[in-house]
Amino acid sequence: MSKAAVEKNLKSTADEKQVLNNLLKILVSKREITEKDLETVLEITIQKLVELVHAQAITIYSIGEDNLIHFTHAYFSEELYKHDDKLKEAYQKKAERLRNFTLKRGQGIVGKVIETSESYISLDTQNDPNFFSGIDEETGFQTKSMITVPLVTDKVIGAIQIINKNPPDSPG
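These numbers were taken from a predicted model, which means no experiment stands behind them. (Residues numbered from 1 in each chain as written. Predicted model: local features only at pLDDT ≥ 70, side-chain atom pairs only at ≥ 80, totals over all residues. Heavy atoms only, no water.)

(A) Inspection of the overall build of the protein at higher detail. Scanning the protein from terminus to terminus reveals five helices and six strands. Its helices and strands taken in sequence order, the protein reads α-α-β-β-α-β-α-β-α-β-β from the N to the C terminus. A sequence separation of at least 24 residues applies to 53% of the contacts in the protein between residues at least 6 apart. For the protein, the computed accessible surface area is about 11,300 Å², with 54% contributed by carbon and sulfur atoms. (Helix = DSSP H or I, 4+ residues; strand = E, 2+ residues; numbered from the N terminus. Contact = heavy atoms within 4.5 Å. Areas by Shrake-Rupley, 256 points an atom, 1.4 Å probe, with all protein chains shown as cover.)

Okay, structure coming up:
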C-alpha cells in the first residue's frame, strides 16, 4: 500500500471516529433517547462491523410477539456496489424486502441458533443441511458462508449473522 493510500485511510478512519464520537456525545447529552436515536446508532454500528470484519452483509433478527423470527436489520457492504447507484438501490431494496420476511422458530441456521442458544459457523451454506435457501431465492443474494450468534439477555431475544466474510484484500 502506498504512503498516500495509508494516509488517506488513516484520515478516513479519523473522520469516521470523529463522526461517531460526536453522535455519541449528542446522545449522551439528551435527557431522553428516542427510538430513532437508537436506530441511527445501530445502523452505524452495523455498517462499521461489516467493514471491520470484511463481510458482505449482516442481518439482525428478533423474536416477535407472534413467536416468529423477524428480520429487523439487514445491511449490505458498500463493496458490493461501489460507485454504482443502480446496484446500491438494488441492495437497498433487498434489505427492505428482508424486513418483511419471517421465519418459524427452528427454521434455518438462525432458527437453530435461537432454539439452541449456541453460535453456529457454516463455511459452505449451500451444502449445509440447516441452511434455509428460501431467502436467497427471494432476494437473489447468494449466501456462501455465515457466522450466527444468539442475542441473549435473560433469554434468547434474537440473533445476528455475519455473511460471506472476505479476506481483507479481496473485492466484495
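(B) Spatial organisation of unusual backbone geometry. Even without a glycine there, the phi angle at His54 is positive, about 60°. With respect to the secondary-structure elements, His54 resides in the loop between helix H2 (35–53) and strand S1 (55–63). Overall, the relative accessible area of 31% leaves His54 in the partly exposed class. (Buried < 20%, exposed > 50% of the residue type's maximum accessible area, 1.4 Å probe, protein only.)

(C) Up close: the nonpolar core. Core analysis: the largest hydrophobic core is formed by 25 residues, its most contacted members being Phe76, Leu98, Val110 and Phe141. When contributions to this core are tallied by element, the ones reaching two or more residues are S1, strand S2 (69–76), helix H3 (85–98), helix H4 (108–116) and strand S6 (156–165). Leaving out residues up to four positions away in the same chain, Leu98 has contacts with Thr59, Phe71, Ala74, Phe76, Ile135 and Thr139. The next biggest cluster of nonpolar side chains, apart from the first, holds six residues, and it includes Val50, Ile58, Ile60 and Tyr75. (Core = buried A, V, L, I, M, F, W, Y, C linked by side-chain atoms within 4.5 Å.)

(D) Representation of the pattern of salt bridges within the structure. Within this structure, the stated rule accounts for four salt bridges. Salt-bridge contacts for Lys93 lead to Glu89; the nearest nitrogen and oxygen are separated by 3.4 Å. Here Glu89 and Lys93 lie together in helix H3, a separation of four residues that amounts to about one turn. (Salt bridge = Lys/Arg side-chain N within 4 Å of Asp/Glu carboxyl O.)

(E) Fine view of a nonpolar patch on the surface. Taken together, the side chains of Ile121, Leu123, Ile147 and Val149 make up a nonpolar region of the molecular surface, amounting to roughly 390 Å² of accessible area. Tracing the backbone shows Leu123 in the loop between strand S4 (120–122) and helix H5 (134–139). For Leu123, a relative accessible area of 74% puts it in the exposed group. (Patch = residues over 30% accessible without salt bridge, like charges linked within 9 Å, V, L, I, M, F, W, Y side chains within 5 Å.)

(F) The pairing of S6, seen in detail. When you tally the buried positions in S6, you get seven out of ten residues, the bulk of the element. As judged from the seven bridges shared by S1 and S6, these two strands associate in the antiparallel manner. In the strand pairing of S6, Thr59 is matched with Gln161. Relative to S6, strand S5 (residues 146–152) is paired through seven bridges, and the arrangement is antiparallel. Paired with Met146 across the bridge in S6 is Ile163. Following S5, the chain reverses through three residues before pairing antiparallel with S6. (Pairing = 2+ DSSP bridges.)

(G) Quick peek at the pairing of S1. Most of S1 sits inside the fold, with seven of its nine residues counted as buried. Relative to S2, S1 runs antiparallel, the two sharing seven bridges. Bridge pairing in S2 places Tyr61 opposite Phe71. Where S1 folds back onto S2 in an antiparallel hairpin, the turn is made up of five residues, including Asn67, whose phi is positive at roughly 70°.

(H) Local environment of H4. Those residues of H4 that fall on the buried side of the exposure criterion are Gly108, Ile109, Val110, Gly111, Val113 and Ile114. Residue Ser117 follows H4 closely and has a positive phi angle near 60°.

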